[in-house]
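Summary of structural features
Here's the letter readout for the chains.
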Amino acid sequence: MRAADPVEGTVAAVDFHLGHILASGQVFRWGRDVDGWWKGIACGTAFHLRQEGDRVFYRASADRVATCAGEMAVPEFLRWYLRIDEAPGVRVPGGDRYLRRARDLLRGFRFVRQEPFECVISYILSVQAHMTLTKRRINFLARTLGREIELMGERYWTFPAPDALACLNGRDFRRHRFGWRSERVATAARYVADTLKGAPAPVGLERWREVADGLRALPGTGVGLKVGKCIDLFSLERLDAVPVDTWVLKLAREWYGVVGSDAAVCAWAEARGGKWAGYVNEYLFVYYRELNGPSLYDRAISFCASGEPSAELPFEQV
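Rules behind the numbers
- Residues numbered from 1 in each chain as written.
- Predicted model: local features only at pLDDT ≥ 70, side-chain atom pairs only at ≥ 80, totals over all residues.
- Heavy atoms only, no water.
- Helix = DSSP H or I, 4+ residues; strand = E, 2+ residues; numbered from the N terminus.
- Rg over C-alpha atoms; globule rule 2.2 N^0.38 Å.
- Contact = heavy atoms within 4.5 Å.
- Areas by Shrake-Rupley, 256 points an atom, 1.4 Å probe, with all protein chains shown as cover.
- Pairing = 2+ DSSP bridges.
- Axes fitted to C-alpha atoms, helices over the stretch in contact; angles between N-to-C directions.
- Core = buried A, V, L, I, M, F, W, Y, C linked by side-chain atoms within 4.5 Å.
- Buried < 20%, exposed > 50% of the residue type's maximum accessible area, 1.4 Å probe, protein only.
- 1 Å grid on protein atoms, 1.4 Å probe; cavity = no way out; pocket = protein on both sides within 12 Å on 5 of 7 lines; lining within 4 Å.
- Points joined across faces, edges and corners; volume = space filled by probe spheres on them.
- Nonpolar A, V, L, I, M, F, W, Y, C, P; charged D, E, K, R; others polar.
- Phe/Tyr/Trp six-rings, centres within 6.5 Å; stacked < 30°, edge-to-face > 60°.
- Lys NZ or Arg CZ within 6 Å of the ring centre and 35° of its normal.

A closer look at the overall build of the chain
Within the chain, the regular secondary structure consists of 14 helices and eleven strands. On C-alpha atoms alone, the chain measures out to a radius of gyration of 19 Å, which is about the 20 Å that the 2.2 N^0.38 rule sets for 318 residues. Judged by the C-alpha coordinates and their principal axes, the chain covers about 55 × 45 × 35 Å. Here the contacts in the chain between residues at least 6 apart in sequence split such that 64% fall between residues at least 24 apart. For the chain, the accessible surface area stands at approximately 13,700 Å², while carbon and sulfur atoms represent 50% of it.

See below:
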């Protein structure tokens, strides 16, 4: 491990809200520190980010970042990763006061382009636990099996490669109290490692879509309807995908009178939202949790306004 000299700079970010993006619940390896900087690791690079007006200031552990779309310089990567220039075109149907309010409150929100394998494993783990515990478990895997990076006196870890996670089994996870479903992580990792064995780097988006679809069809991987839709939306550019959890079931029933199975509510939401269905659902999801979430960390809008640090951060002090 080598201490990295920070790469620093800014990128323009008009009609963009960094906090709402990183506090919304879509990503697990970011948190706001007591100094006000959002700190995290993405695609093998550690970052500090802070927004002031229409600019995002950054510090990075490297000047170039490897992604499934190729290698990029840090400013290009941040524009791509955070979709800075890709404002969604969600239109509100007449009379839908809930969506109108939600969209207005979340102006500047974007979906992050997550690294596909990390997204797969993160959302398999998320089924068993609340957000903070899921973050803690993901950070544990990274500290145990990832590569260490130092940035400005802080120690970060890259996400483990598929073959590293594939070497574990259910006992390894249960020893660290990951829960009884944890063997699904190893099953999914083995499938990914075997499927991509010998594949040239970087593995592109279309190949990752094939891998994700294969996981969905394979029993025992933990990639069912909800997790599959999360992977689609957050890492595979399928912005019409709608993950359905208990919050979405509640808002569909209370606000729109829609009841039924997860699959039925998903089909209703995707048909209603069209190509922007993922954004429509996320606006409503975040707004509903803002009104009903039991803690500050469940309420992304209030959390961003509070200045409080995140409950779990993805680094340790050197």
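Once the structure has been displayed, the description carries forward.
So, the pairing of strand β6 (residues 55-60)
Where strand β2 (residues 7-12) lies against β6, six bridges are found, and the strand directions are antiparallel. Along β6, the bridge assignment pairs Val11 with Val56. Count of turn residues in the strand β5 (residues 45-52)/β6 antiparallel hairpin: two residues, of which Gly53 carries a positive phi of about 65°.

Quick word on the sheet that holds β2
Pairing is antiparallel across the open sheet formed by five strands, whose spatial order is β2-β6-β5-β4-β3. The open sheet terminates on both sides in strands that have one partner only, identified here as β2 and β3 (30-32). For this sheet the average axis-to-axis angle between neighbouring strands, irrespective of direction, equals 25°. Two elements, β3 and strand β4 (residues 38-42), share three bridges in a ladder whose sense is antiparallel. In the sheet register, Trp30 faces β4, and the bridge partner there is Gly40.

Side note on the nonpolar core
Membership of the largest hydrophobic core comes to 96 residues, with the highest contact counts inside it found for Phe47, Leu49, Phe77, Leu82, Ile121 and Leu165. No other element matches the nine residues that helix α13 (residues 277-292) contributes to this core. Sequence-distant contacts of Ile121, defined by excluding residues within four places in its chain, comprise Leu141, Phe159, Leu165, Val185 and Ala188. Core analysis: the second largest hydrophobic core is formed by six residues, Ala46, Ile149, Leu151 and Tyr156 among them.

Here's the deal with the environment of Val244
By the secondary structure assignment, Val244 is in the loop between α10 (225-235) and α11 (246-256). Looking at Val244, the relative accessible area reads 4%, which means it is buried. Measuring from C-alpha to C-alpha, the distance between Val244 and Tyr58 comes to 34 Å, with 186 residues separating the pair along the chain. Apart from the residues lying within four places of it in its own chain, the contact partners of Val244 are Lys226, Leu249, Asp262, Val265 and Cys266.

Observations concerning the environment of Pro314
Inspection of the secondary structure puts Pro314 in the loop between α14 (300-306) and β11 (316-317). The buried category is assigned to Pro314, whose relative accessible area is 5%. In sequence terms Pro314 and Ala142 are 172 residues apart; their C-alpha atoms lie 9.2 Å from each other. What Pro314 contacts, discounting residues up to four positions off in sequence, is Arg29, Trp30, Gly31, Lys39, Gly40, Asn139, Arg155 and Tyr156.

Focus: the side chain of Asn139
Secondary-structure assignment places Asn139 in helix α5 (residues 131-145). Residues contacting Asn139, with those up to four places away along its chain left out, are Arg29, Glu312, Leu313 and Pro314.

Topic: the side chain of Arg209
The residue Arg209 is located in helix α9 (residues 205-217) in this model. Judged by its relative accessible area of 18%, Arg209 is buried. Not counting the four nearest positions on each side in its chain, Arg209 is found in contact with Leu236, Glu237 and Arg238.

A closer look at empty space enclosed by the protein
If a probe as big as a water molecule is rolled over the atoms, it shows which places are left empty. Applying the stated criterion across every chain, the model contains two cavities of 30 Å³ or more. Considered as a void within the structure, the largest cavity measures approximately 110 Å³ in volume. In terms of lining, the largest cavity is formed by Val27, Phe28, Arg29, Trp30, Ile41, Ala42, Cys43, Tyr81, Gln114, Glu115, Glu118 and Ser122. Listing elements by their share of the lining of the largest cavity, those giving two or more residues are β4 and α4 (116-126). Among the residues making up the lining of the largest cavity, the classes are represented as seven nonpolar, two polar and three charged. Its boundaries defined by the atoms lining it, the second largest cavity holds a volume of some 50 Å³. Contributing to the lining of the second largest cavity are Val248, Leu251, Trp268, Ala269, Arg272, Val280, Asn281 and Leu284. Every element with two or more residues in the lining of the second largest cavity is listed here: α11, α12 (262-273) and α13.

Examining the packing of aromatic side chains
Throughout the structure, instances matching the rule amount to 24 aromatic pairs. Pairing Phe28 with Tyr123 gives two aromatic rings, centres 5.0 Å apart and planes at 70°, and the pair type is edge-to-face. With a gap of 95 residues between them, Phe28 in the loop between α1 (18-23) and β3 and Tyr123 in helix α4 connect regions that are remote in the sequence. There is no split in this pair, since Phe28 and Tyr123 are both buried. Ring plane angle 80° and centroid distance 5.9 Å describe the contact between Phe109 and Tyr279, whose orientation is recorded as edge-to-face. Here Phe109, found in the loop between α3 (97-105) and α4, pairs with Tyr279, found in helix α13; they are 170 residues apart in sequence, far enough to count as distant. Classification of Phe109 as buried rests on a relative accessible area of 2%. Ring pairs connect the aromatic residues Phe28, Phe109, Phe111, Tyr123, Phe234, Trp276, Tyr279 and Tyr283, which therefore count as one cluster. In this structure, Arg32 packs its charged tip against the face of Phe303, placed 4.4 Å from the ring centre. One Lys or Arg, Arg272, reaches over the ring of Tyr256 and ends 4.4 Å from the middle of that ring.

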